[in-house]
Amino acid sequence: MVAENSTPHLHSAVEPKQTFRRALDMAARAAMPSLFIMFSAILLSAPFGIPGQAQLQFGIAMCTVWFWAYSRPRSMPALAVFLCGLVVEIFSFGPPGTVLLSLLVIYGVSHHWRYGLSRLGFIAGWLIFSILVVLASFFQWALVCLHAVALLSPIPGLFQAALTIGIYPSLTALFVWGRRTFANPDQA
């Protein structure tokens with residue numbers, strides 16, 4: 001008869017020991033998407049003279065929140081989206097509150113539909129994202145018109161939507177790579 005305690009526990013050898021350093025590493029990896037949004041917002045607020053620089057702030061934030069909210073929700077919680085939205089608002093040039101509200105709405109849709117979105121192909125997910133971006137850009141344009149008490153040209157809003165939709169595939173490729181490597185909080 002074999003004693004129960006004579007065999008070593010296999011689970012203790014497989015799981016990494018939870019130390020303060022490990023917990024800090026996991027937190028840093030989980031915060032990568034939020035840090036990316038904040039760093040991009042601060043960097044793009046500098047006067048580089050890049051055409052579409054202000055619209056790029058919006059686009060990077062929207063793409064990042066959309067991707068991470070459905071692919072790894074632990075890395076993009078609602079509080080992080082709110083804080084990222086505040087940072088983008090501080091460094092953006094649009095009407096106050098519109099980017100923050102747009103980020104929270106796109107987070108809500110992406111997070112709520114994450115199981116269905118993860119089963120869809122890239123093109124279908126990109127199409128749904130594109131529709132939401134057009135609606136968010138239209139919302140911003142309507143608020144600017146309301147604030148100016150005039151009917152302004154919708155061209156900047158359409159440019160913002162087109163730029164955001166256009167950068168989504170490139171950012172998705174970057175995020176998929178990052179999800180497998182440095183931004184994986186479960187990586188030992």
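Rules of the game
- Residues numbered from 1 in each chain as written.
- Predicted model: local features only at pLDDT ≥ 70, side-chain atom pairs only at ≥ 80, totals over all residues.
- Heavy atoms only, no water.
- UniProt positions renumbered as here; feature names shortened; annotations may be inferred.
- Helix = DSSP H or I, 4+ residues; strand = E, 2+ residues; numbered from the N terminus.
- Phe/Tyr/Trp six-rings, centres within 6.5 Å; stacked < 30°, edge-to-face > 60°.
- Buried < 20%, exposed > 50% of the residue type's maximum accessible area, 1.4 Å probe, protein only.
- Lys, Arg positive; Asp, Glu negative; His and termini not counted.
- Salt bridge = Lys/Arg side-chain N within 4 Å of Asp/Glu carboxyl O.
- Polar contact = N/O pair within 3.5 Å; in protein donor to acceptor, adjacent residues only side chain to side chain.
- Contact = heavy atoms within 4.5 Å.
- Expected span 1.5 Å × (residues − 1).
- Arc of directions from axis to C-beta.

1. Quick notes on the UniProt feature "transmembrane region" (unreviewed entry) in the protein chain
Here's step 1: Taking the UniProt record as the reference, the feature "transmembrane region" (unreviewed entry) is found at residues 27-48, 78-108, 120-146 and 158-178.
Here's step 2: For residues 120-146, helix accounts for 93% and strand for 0%, while the C-alpha atoms at its two ends are 37 Å apart.

2. So, the packing of aromatic side chains
Here's step 1: Overall, the coordinates contain eleven aromatic pairs when judged by the stated rule.
Here's step 2: Look at Phe36 and Phe175: their rings are 5.6 Å apart centre to centre, the planes differ by 85 degrees, and that puts the pair in the edge-to-face class. Of the two residues, Phe36 sits in helix α3 (residues 32-44) while Phe175 sits in helix α9 (residues 155-180), which places them 139 residues apart along the sequence.
Here's step 3: Relative accessible area serves as the criterion here: at 26%, Phe36 is assigned to the partly exposed category.
Here's step 4: Three or more aromatic residues link up through ring pairs in this structure, and these residues are Phe36, Trp66, Phe67, Trp68, Tyr70, Phe122, Trp126, Phe129, Tyr168 and Phe175.

3. Some words on the side chain of Glu89
Here's step 1: Structurally, Glu89 is set in helix α5 (residues 78-91).
Here's step 2: Comment: no salt bridge for buried Glu89; closest opposite-charge side chain is Arg114, at 24 Å.
Here's step 3: In this structure the side chain of Glu89 is engaged in a polar contact, spanning 2.7 Å, whose partner is the backbone nitrogen of Val99.
Here's step 4: Residue contacts for Glu89: discarding those within four places in its chain leaves Pro95, Pro96, Gly97, Thr98, Val99 and Leu100.

4. Some points on α3
Here's step 1: Helix length check: α3 (13 residues) gives 18 Å between terminal C-alpha atoms against 18 Å at 1.5 Å per residue, within 8%.
Here's step 2: Along α3, the residues classified as buried are Pro33, Ser34, Ile37, Ser40, Ala41 and Leu44. When α3 is viewed along its axis, its buried side chains cluster within an angular range of 130 degrees and face the same direction.
Here's step 3: Of the surrounding elements, those touching the buried residues of α3 are α2 (20-30), α4 (53-71) and α5.

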